[in-house]
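Structural overview for review
Now for the letters of each chain:
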Amino acid sequence: GLKILENLDISMNLANLIENRVFLSMKRLKFLNLRNNKIEIIEEFGFEDLLSLENLDLGFNKLERLNTLIFKDTKRLKFLSLEKNRIASIQDGIFNGLTKLTTIELNDNKLSFLNENVFGGLIELKELYLQRNQISSIDRSVFLNLGQLN
(Lines give C-alpha, C1' and ligand atoms only; values in the text may rest on other atoms or scores of the structure.)
Protein backbone atom coordinates (compact mmCIF):
# COMPACT_ATOMS: atom_id res chain seq x y z
CA GLY A 1 0.00 0.00 0.00
CA LEU A 2 0.96 3.62 0.51
CA LYS A 3 2.91 2.84 3.68
CA ILE A 4 6.12 2.30 1.67
CA LEU A 5 5.64 5.25 -0.72
CA GLU A 6 8.71 7.54 -0.80
CA ASN A 7 7.93 9.95 -3.64
CA LEU A 8 4.56 11.57 -4.36
CA ASP A 9 4.11 14.09 -7.19
CA ILE A 10 0.72 15.81 -7.37
CA SER A 11 2.02 18.89 -9.18
CA MET A 12 0.12 20.75 -11.90
CA ASN A 13 -3.36 19.83 -10.75
CA LEU A 14 -6.32 21.73 -9.34
CA ALA A 15 -5.96 20.91 -5.63
CA ASN A 16 -7.09 23.85 -3.50
CA LEU A 17 -7.07 22.39 0.02
CA ILE A 18 -4.78 20.10 2.02
CA GLU A 19 -7.05 18.54 4.63
CA ASN A 20 -6.00 17.31 8.06
CA ARG A 21 -4.26 13.94 8.05
CA VAL A 22 -4.58 13.45 4.27
CA PHE A 23 -1.09 11.88 4.16
CA LEU A 24 -1.57 9.82 7.32
CA SER A 25 0.34 6.50 7.34
CA MET A 26 2.82 7.70 4.69
CA LYS A 27 5.65 7.58 7.23
CA ARG A 28 8.31 6.79 4.58
CA LEU A 29 7.40 9.64 2.23
CA LYS A 30 10.56 11.68 1.49
CA PHE A 31 9.51 13.84 -1.48
CA LEU A 32 6.15 15.59 -1.76
CA ASN A 33 5.53 17.79 -4.79
CA LEU A 34 2.39 19.95 -4.63
CA ARG A 35 3.79 22.62 -6.93
CA ASN A 36 1.57 24.46 -9.37
CA ASN A 37 -1.86 23.76 -7.92
CA LYS A 38 -4.45 26.16 -6.55
CA ILE A 39 -3.83 25.46 -2.86
CA GLU A 40 -5.25 28.20 -0.64
CA ILE A 41 -5.44 26.38 2.68
CA ILE A 42 -3.34 23.79 4.45
CA GLU A 43 -5.20 22.65 7.53
CA GLU A 44 -3.37 22.53 10.87
CA PHE A 45 -2.54 18.82 10.66
CA GLY A 46 -2.25 18.60 6.88
CA PHE A 47 1.28 17.18 7.04
CA GLU A 48 0.79 15.09 10.16
CA ASP A 49 2.75 11.83 10.25
CA LEU A 50 5.18 12.81 7.47
CA LEU A 51 8.09 11.86 9.70
CA SER A 52 10.56 11.09 6.87
CA LEU A 53 9.73 14.04 4.61
CA GLU A 54 12.89 15.75 3.30
CA ASN A 55 11.62 17.75 0.32
CA LEU A 56 8.34 19.69 0.24
CA ASP A 57 7.42 21.80 -2.77
CA LEU A 58 4.43 24.13 -2.32
CA GLY A 59 5.56 26.64 -4.92
CA PHE A 60 3.16 28.32 -7.38
CA ASN A 61 0.00 28.04 -5.31
CA LYS A 62 -2.38 30.54 -3.69
CA LEU A 63 -1.35 30.28 -0.03
CA GLU A 64 -1.92 33.50 1.92
CA ARG A 65 -1.05 32.24 5.39
CA LEU A 66 0.52 29.23 7.05
CA ASN A 67 -0.81 27.59 10.19
CA THR A 68 1.74 27.61 13.01
CA LEU A 69 1.67 23.84 13.49
CA ILE A 70 1.80 22.58 9.90
CA PHE A 71 5.49 21.60 10.03
CA LYS A 72 5.46 20.04 13.52
CA ASP A 73 5.93 16.44 12.23
CA THR A 74 8.34 17.23 9.39
CA LYS A 75 11.53 17.30 11.50
CA ARG A 76 13.66 15.79 8.70
CA LEU A 77 12.74 18.47 6.16
CA LYS A 78 15.78 19.75 4.22
CA PHE A 79 14.15 21.68 1.36
CA LEU A 80 10.98 23.80 1.51
CA SER A 81 9.62 25.77 -1.43
CA LEU A 82 6.87 28.32 -0.81
CA GLU A 83 7.78 30.50 -3.79
CA LYS A 84 5.13 32.23 -5.92
CA ASN A 85 2.34 32.22 -3.37
CA ARG A 86 0.51 35.11 -1.68
CA ILE A 87 2.02 34.82 1.79
CA ALA A 88 1.93 38.20 3.55
CA SER A 89 3.42 37.23 6.92
CA ILE A 90 5.08 34.31 8.65
CA GLN A 91 4.43 33.66 12.31
CA ASP A 92 7.31 33.28 14.73
CA GLY A 93 7.91 29.64 15.61
CA ILE A 94 6.48 28.14 12.45
CA PHE A 95 9.86 26.60 11.59
CA ASN A 96 10.63 25.45 15.17
CA GLY A 97 12.24 22.02 15.23
CA LEU A 98 13.24 22.04 11.55
CA THR A 99 16.92 21.76 12.45
CA LYS A 100 17.83 19.91 9.22
CA LEU A 101 16.30 22.53 6.89
CA THR A 102 18.97 23.88 4.53
CA THR A 103 16.87 25.74 1.91
CA ILE A 104 13.72 27.88 2.05
CA GLU A 105 12.28 29.52 -1.05
CA LEU A 106 9.99 32.40 -0.05
CA ASN A 107 10.57 34.53 -3.12
CA ASP A 108 7.67 36.10 -5.04
CA ASN A 109 5.26 36.40 -2.13
CA LYS A 110 3.74 39.42 -0.36
CA LEU A 111 5.95 39.50 2.72
CA SER A 112 6.26 43.03 4.11
CA PHE A 113 8.23 42.41 7.33
CA LEU A 114 10.40 39.80 9.00
CA ASN A 115 10.06 39.36 12.76
CA GLU A 116 12.98 38.69 15.06
CA ASN A 117 12.36 34.97 15.59
CA VAL A 118 10.82 34.00 12.26
CA PHE A 119 13.84 31.87 11.31
CA GLY A 120 14.77 30.88 14.86
CA GLY A 121 16.19 27.39 15.28
CA LEU A 122 17.14 26.90 11.63
CA ILE A 123 20.74 26.06 12.48
CA GLU A 124 21.49 24.33 9.14
CA LEU A 125 19.87 26.94 6.88
CA LYS A 126 22.24 27.69 4.00
CA GLU A 127 19.93 29.23 1.37
CA LEU A 128 17.09 31.67 1.98
CA TYR A 129 15.33 33.23 -1.00
CA LEU A 130 13.29 36.37 -0.28
CA GLN A 131 13.50 38.30 -3.55
CA ARG A 132 10.45 39.96 -5.13
CA ASN A 133 8.45 40.47 -1.93
CA GLN A 134 7.26 43.75 -0.40
CA ILE A 135 9.64 43.77 2.55
CA SER A 136 9.91 47.20 4.16
CA SER A 137 10.89 46.17 7.69
CA ILE A 138 13.42 43.61 8.92
CA ASP A 139 14.08 43.15 12.61
CA ARG A 140 17.77 43.78 13.26
CA SER A 141 18.34 40.33 14.78
CA VAL A 142 16.39 38.27 12.21
CA PHE A 143 19.55 36.79 10.67
CA LEU A 144 21.58 36.67 13.89
CA ASN A 145 21.56 32.91 14.48
CA LEU A 146 21.77 31.86 10.86
CA GLY A 147 25.49 31.23 10.82
CA GLN A 148 25.34 28.75 7.92
CA LEU A 149 23.59 31.18 5.54
CA ASN A 150 25.43 31.63 2.23
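Residues numbered from 1 in each chain as written. Predicted model: local features only at pLDDT ≥ 70, side-chain atom pairs only at ≥ 80, totals over all residues. Heavy atoms only, no water.

1. Some words on the sheet that holds strand S5 (residues 55–57)
Our working definition: A pair of strands is considered paired only if DSSP assigns at least 2 bridges between the two. Secondary structure is summarised from DSSP: a helix means a run of H or I of at least four residues, a strand means a run of E of at least two, and numbering begins at the N terminus for each. All axes here are fitted lines through C-alpha atoms, helices being fitted over the stretch that makes contact, and every angle between N-to-C directions spans 0 to 180 degrees.
Taken in spatial order, the six strands line up as S1-S3-S5-S6-S7-S9 in an open sheet, and their pairing is parallel. With partners counted over all chains shown, the strands left at the sheet margins are strand S1 (7–9) and strand S9 (127–129), one partner each. Neighbouring strand axes in the sheet, compared pairwise and without regard to direction, differ in orientation by 5° on average. Judged from the three bridges that link them, strand S7 (residues 103–105) and S9 form a sheet pairing that is parallel. Its bridge partner being in S9, Glu105 is matched across the sheet by Tyr129.

2. Here's the deal with the side chain of Ser52
Note the cut-off: Remark: exposure states derive from per-residue accessible area (1.4 Å probe, protein chains only) relative to the maximum for the residue type, with buried under 20%, exposed over 50%, and partly exposed in between. The criterion used for residue contact is that any of the two residues' heavy atoms lie within 4.5 Å.
For Ser52, the location among the structural elements is in the loop between strand S4 (41–42) and S5. Note on Ser52: relative accessible area 14%, which makes it buried. The residues touching Ser52, leaving out its near neighbours within four places in the chain, are Lys27, Arg28, Leu29, Lys30 and Arg76.

3. Some words on the packing of aromatic side chains
Selection criterion: When the centres of two rings from Phe, Tyr and Trp lie within 6.5 Å, Trp using its six-membered ring, the rings pair. Their planes under 30 degrees apart give stacked, over 60 give edge-to-face, and anything left gives tilted.
The tally for this structure, following the rule as stated, stands at four aromatic pairs. With centroids separated by 6.2 Å and ring planes inclined at 10°, the aromatic side chains of Phe95 and Phe119 adopt a geometry described as stacked. Of this pair, Phe95 sits in the loop between strand S6 (79–81) and S7 while Phe119 sits in the loop between strand S8 (113–114) and S9, placing them 24 residues apart in sequence. Comparing Phe95 with Phe119, the two get one shared label, buried. Here the aromatic cluster, defined as three or more aromatic residues joined through ring pairs, consists of Phe23, Phe47, Phe71, Phe95 and Phe119.

4. Remarks on the side chain of Asp49
Along the polypeptide, Asp49 turns up in the loop between S4 and S5. On the basis of relative accessible area, Asp49 is assigned to the buried category, the value being 12%. Beyond its immediate stretch of four places on either side in the chain, Asp49 contacts Leu24, Ser25, Met26, Lys27 and Asp73.

5. Some words on a positive patch on the surface
For the record, the criterion: Patches here are clusters of residues that have more than 30% relative accessible area and form no salt bridge, with a 9 Å joining cutoff for like charges and a 5 Å cutoff for nonpolar side chains (Val, Leu, Ile, Met, Phe, Trp, Tyr). Method for areas: the Shrake-Rupley scheme with a 1.4 Å probe, in which residue coverage is limited to the protein chains shown. Whenever a carboxyl oxygen of Asp or Glu lies within 4 Å of a side-chain nitrogen of Lys or Arg, that contact is scored as a salt bridge. We score Asp and Glu as negative and Lys and Arg as positive, and we do not count His or the chain ends. Every charge is mapped onto a representative atom, which is NZ of Lys, CZ of Arg, CG of Asp or CD of Glu.
A surface patch of positive charge is lined by Lys30, Arg76, Lys78 and Lys100. Within the secondary structure layout, Lys78 lies in the loop between S5 and S6.

6. Topic: the nonpolar core
The nonpolar side chains of a soluble globular protein tend to be buried with one another. Operational definition: The term nonpolar core refers to a set of buried residues drawn from Ala, Val, Leu, Ile, Met, Phe, Trp, Tyr and Cys, joined through side-chain atoms within 4.5 Å.
Core analysis: the largest hydrophobic core is formed by 39 residues, its most contacted members being Leu32, Phe47, Leu56, Phe71, Phe95 and Phe119. Beyond its immediate chain neighbours, meaning those up to four positions away, Phe119 contacts Phe95, Ile104, Leu106, Leu114, Leu128, Leu130, Val142, Phe143 and Leu146.

7. A word on the pattern of salt bridges
Following the criterion strictly, the structure yields seven salt bridges and no others. The salt bridge involving Glu83 is made with Arg35; its shortest N-O contact spans 2.6 Å. One end of the pair, Glu83, is in the loop between S6 and S7; the other, Arg35, is in the loop between strand S3 (31–33) and S4, and 48 residues separate them in sequence. Judged by its relative accessible area of 12%, Glu83 falls in the buried class. Note on Arg35: relative accessible area 22%, which makes it partly exposed. We note a salt bridge from Lys126 to Glu124, for which the minimum N-O separation is 3.5 Å.

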